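# Residue-level structure breakdown
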Amino acid sequence: MKKFFTLIFFLALSSRTLFAFSGGDGSASTPFLITNASDLNDVRNYLGSSAVCFKQTADIDLSSYNPWTPLGTSSGTSTKFCGVYDGDNHKITGLTINSTSLANPGTGLFGYVYGGTIKNLGIEGASVSYYYATNSGYTGILVGSLVSSSLIQNCYTTGNCTGNGTVGGLVGLCNSSTIQNSYSTADVNNSNVNATSYSGGFLGSAIISIIQNCFCTGKISGNSTLSGSAGLGSFVGNVQTGTNISYCYASGKITNSGTSTNLGGFAGRIYSFTGTFTSCFWNNEINSSITNGAGNGTAYGGIIGANTSTMKTSSTYTNAGWDFVGETTNGLNNYWNIGTGYPYLNWCTAPGAPTIGTATAGNAQASVTFTAPSANGGNAITGYTVTSNPGGLTGTGTSSPITVSGLTNGTTYTFTVTATNGIGTGTASTPSNAVTPSVATGIDDAQLDGVTIYPNPVDDRLYIKGVDEGEIAVYDMGGCKVIAAILANAQAVDVSG
């Protein structure tokens, strides 16, 4: 009997070290450190505990966990996330979920969050999909169901989110919880919109919740007949009871194949509403076929339709009480900023500098490799620009390598790379190695031994000496092929034309 109790005691001590993460002890002062996909997956071993804290220390690729199983899958005591997850301004990529078998779940990176906190985290390029026959699921890229005084702060999502129940780009359901200073650029699609379906670019459904200083820009669509009490809005699909939404905007286009009146430019279905909308905007130019900001047809003073130009003007928002950088009338928290586009949250910045790779010269061009910056500024990178020195010639693209054309053969160049996100363009990389573009000879380097190419001083023909026979291509200084011919030794090629 003594040996039996000794074994149990050993297992109890060992169970906490089975999931040791990359450091920390899970306390608020020394949180578990999440450095890789395996660490993140092990968070599920601490569901149900509100005392456990986690801190992400690097960007994480979840491609090796395809499909991902949400952290917290129901309201059960041991199956809901109740802790604190701090992304520490890092991001997660490679998130893929394609669920068809769970009834009434929360589907997202975090499935069911109960009294928990998620902050300072980005998810980029996600593909989240949920379909179940009862249509009762809650789907969002970051969180499926956020309930019971949970909190999300300073988070964002990009990618695609599809479901057939309640679907949002950031969160599916927000019930008795708070979301602040967050955004989504994800496209949202409700694949089977019916009487219990709600879709919004940012949030599927909000019940007795607080949503402050948030925005979304993705497209929102419903693919089948919208009927009954279903709701579709560019920001939120359903708003109930004492929900308060303030200083938020949506700029995405709504595509609706149904006929329900619960179609709103900003909010879809409004039910037993006792809350408030404060200074919220939607784009009535992109959604010109939608006449009301709210799906029930009520003209709420706090939901304002505006055209694209107006929504890209700072005074539109500062006159409506938004707390912007550079003004003090509306507060000193400086939640918002704006450039030449739509407003963005001030915690977002332009991306850092990419890491330069190798420049390789060609004929009047060069190919430049690079790696993405370690910091994207809290906003997904949308493109890269490579710039030559001298000349300032550029090439653009969304990934490495990028080619810069129009260079002068015989001139030596170096190159720098910048990254651009929704906020702006970041600082340039260090210069590349120097390269000199040159005219292609049309002859493999391996064939050059013993080969002489020389012009005829008498006429306009080119002579090739040292080739018994073979095919030769001749190019002009602009890189255009002049002629190709099958040659014998010392044969002349006429290039006078």
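Below or above, wherever it landed, is the structure these notes cover. Not measured: the values here are computed from a predicted model. (Residues numbered from 1 in each chain as written. Predicted model: local features only at pLDDT ≥ 70, side-chain atom pairs only at ≥ 80, totals over all residues. Heavy atoms only, no water.)

## As for the environment of glycine 140
- Along the chain, glycine 140 falls in strand S9 (residues 138–140).
- Glycine 140 sits in the buried class, given a relative accessible area of 0%. (Helix = DSSP H or I, 4+ residues; strand = E, 2+ residues; numbered from the N terminus. Buried < 20%, exposed > 50% of the residue type's maximum accessible area, 1.4 Å probe, protein only.)

## Things to note about the pattern of salt bridges
- This structure, assessed with the given rule, holds two salt bridges.
- A salt bridge links lysine 219 to aspartate 187; the shortest N-O distance between them is 3.2 Å. In this pair, lysine 219 sits in the loop between strand S20 (215–216) and strand S21 (220–222) while aspartate 187 sits in strand S16 (residues 187–190), placing the two residues 32 residues apart along the sequence.
- Here aspartate 187 falls in the partly exposed class, since its relative accessible area comes to 24%. (Salt bridge = Lys/Arg side-chain N within 4 Å of Asp/Glu carboxyl O.)

## Examining the layout of surface pockets
- In this structure, the largest pocket encloses a volume near 310 Å³.
- As for the largest pocket, its lining consists of 17 residues, of which Phe215, Thr217, Asn379, Gly422 and Ile423 are closest to the centre.
- Residue composition of the lining of the largest pocket, by class: eight nonpolar, nine polar and no charged. (1 Å grid on protein atoms, 1.4 Å probe; cavity = no way out; pocket = protein on both sides within 12 Å on 5 of 7 lines; lining within 4 Å. Points joined across faces, edges and corners; volume = space filled by probe spheres on them. Nonpolar A, V, L, I, M, F, W, Y, C, P; charged D, E, K, R; others polar.)

## Some remarks on the side chain of asparagine 421
- Looking at the element boundaries, asparagine 421 is found in strand S39 (residues 414–421).
- Among the polar contacts listed, one links the side chain of asparagine 421 to the backbone oxygen of threonine 349, at a separation of 2.9 Å.
- Within the structure, the side chain of asparagine 421 is placed 2.8 Å from the backbone oxygen of asparagine 376, a separation counted as a polar contact.
- Excluding anything up to four places from it in sequence, asparagine 421 contacts Thr349, Ala350, Pro351, Asn376, Gly377, Asn379, Ala380, Ile381 and Thr382. (Polar contact = N/O pair within 3.5 Å; in protein donor to acceptor, adjacent residues only side chain to side chain. Contact = heavy atoms within 4.5 Å.)

Purely geometric stuff here, so don't read any function into it on its own.
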